[in-house]
Amino acid sequence: MAHQKNRRGGKPAQRNTGKPGFSGRKNTKPGKSDQGKPERKVSKLRALREENISQKNNRSSNFRKSPNFRSRRPAAQNLAQQNNSDEIRLNKYIANAGICSRRDADELIIEGRIKVNDQVVNQLGYKVKPTDKVQYKNKSLRPERPIYLLLNKPKDFITTLDDPDNRKTVMDLVGRACKERIFPVGRLDRNTTGLLLMTNDGELAQKLTHPSKRIKKIYHVRLSRPIAKNHFELIKAGINLEDGPVKPDDIEIISADKKELGIEVHEGRNRLIRRIFEHFEYDIQYLDRVMYAGLTKKDLPRGKFRFLDEREIGHLKMMS
């Protein structure tokens, strides 16, 4: 029946027959067209299944509330697992202290140059607790806060931490950025400007500079004379240098006088871009790295730096 009288003899109760909308809520106001429709029957099998699930959930809830209930995992085991989660591998601890990469840390461990609690440890995979005393060259190590910094390097600065000839280095530009010891990822020669990533994350730095990761870099080049069409086509197809063949990922002429080009590579060989054009006896007047591993110079003036945000850091770690 479409209508049934309520127990108190009042007006017949209206059955909700509204169809669920996008939000999943049913319309509580039945339309005129719903009058007189037969009540939809619920599958007996579905009803029994829902009832069975409800009973199981109630039994489980009541059982856990019982004073006799005990977790399958003893409290001591829970505490042990929590303590184990605080332990980290020794090579990672050393890398986090800004000494070197994990791979180089393994070498230090094998050579017996690392002490834990005043005992030499040469076992790979050894784990340390936050309370352990880790030493290298008789100096205690402490994991540093990871720093990721992007510098727009000017001309006449060399990419090194210090220089015996007292020339200007990139550390003169970022030395006061943080108290942690940071170092450049890769190199830019003295006359090359543009993006330079600096960090104390030795593991990330090693991965970003490894050839297998094929980290892309884009350079803006200005030549002393227009590039010849045949030279452009040869560079695009790939040429042989003294240390092996090289083929740019992409290259384009970006000025009407054909003196300026954009070139994209993933290799990190020394002075690679300069040597490509010197191979055809072109002099480079200007060389600027405008993109590195997806990072750009947007809103970053020459000689200035900024810290990477969480999204950029996550992107770098995904690439590596």
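See the structure above.
First things first, this report covers the structure right here in the doc. The structure displayed is predicted, hence computed values, not measured ones.

Here we take up helix H6 (residues 202–209). For H6, every residue scored as buried is listed here: Gly202, Leu204, Ala205 and Leu208. Summarising the axial view, the buried residues of H6 lie within an arc of 160°, below the 170-degree limit, and thus occupy one face. Buried residues along H6 sit in contact with strand E7 (148–153), strand E8 (183–184), strand E9 (193–199), strand E15 (284–292) and helix H9 (310–319).

The subject of this paragraph is the sheet that holds strand E2 (residues 114–116). The sheet built from four strands is open, its strands ordered E3-E2-E5-E6 with antiparallel pairing. In this open sheet, the two edge strands, each paired with only one partner strand, are strand E3 (119–120) and strand E6 (139–140). In this structure, E2 lies alongside strand E5 (residues 134–136), joined through three bridges in antiparallel fashion. If you follow isoleucine 114 over to E5, its bridge partner there is tyrosine 136.

Summed over the entire model, instances satisfying the criterion amount to 20 salt bridges. For lysine 207, the salt bridge is made with glutamate 203, and the minimal N-O distance between the two is 3.5 Å. Taken together, the positions of lysine 207 and glutamate 203, both in helix H6 and four residues apart, correspond to about one turn of that helix. Among the residues examined, lysine 207 registers a relative accessible area of 32% and is labelled partly exposed. Connected via shared salt-bridge partners are Glu242, Asp243, Glu267, Arg269 and Arg275.

Parameters at a glance
- Residues numbered from 1 in each chain as written.
- Predicted model: local features only at pLDDT ≥ 70, side-chain atom pairs only at ≥ 80, totals over all residues.
- Heavy atoms only, no water.
- Buried < 20%, exposed > 50% of the residue type's maximum accessible area, 1.4 Å probe, protein only.
- Helix = DSSP H or I, 4+ residues; strand = E, 2+ residues; numbered from the N terminus.
- Arc of directions from axis to C-beta.
- Contact = heavy atoms within 4.5 Å.
- Pairing = 2+ DSSP bridges.
- Salt bridge = Lys/Arg side-chain N within 4 Å of Asp/Glu carboxyl O.

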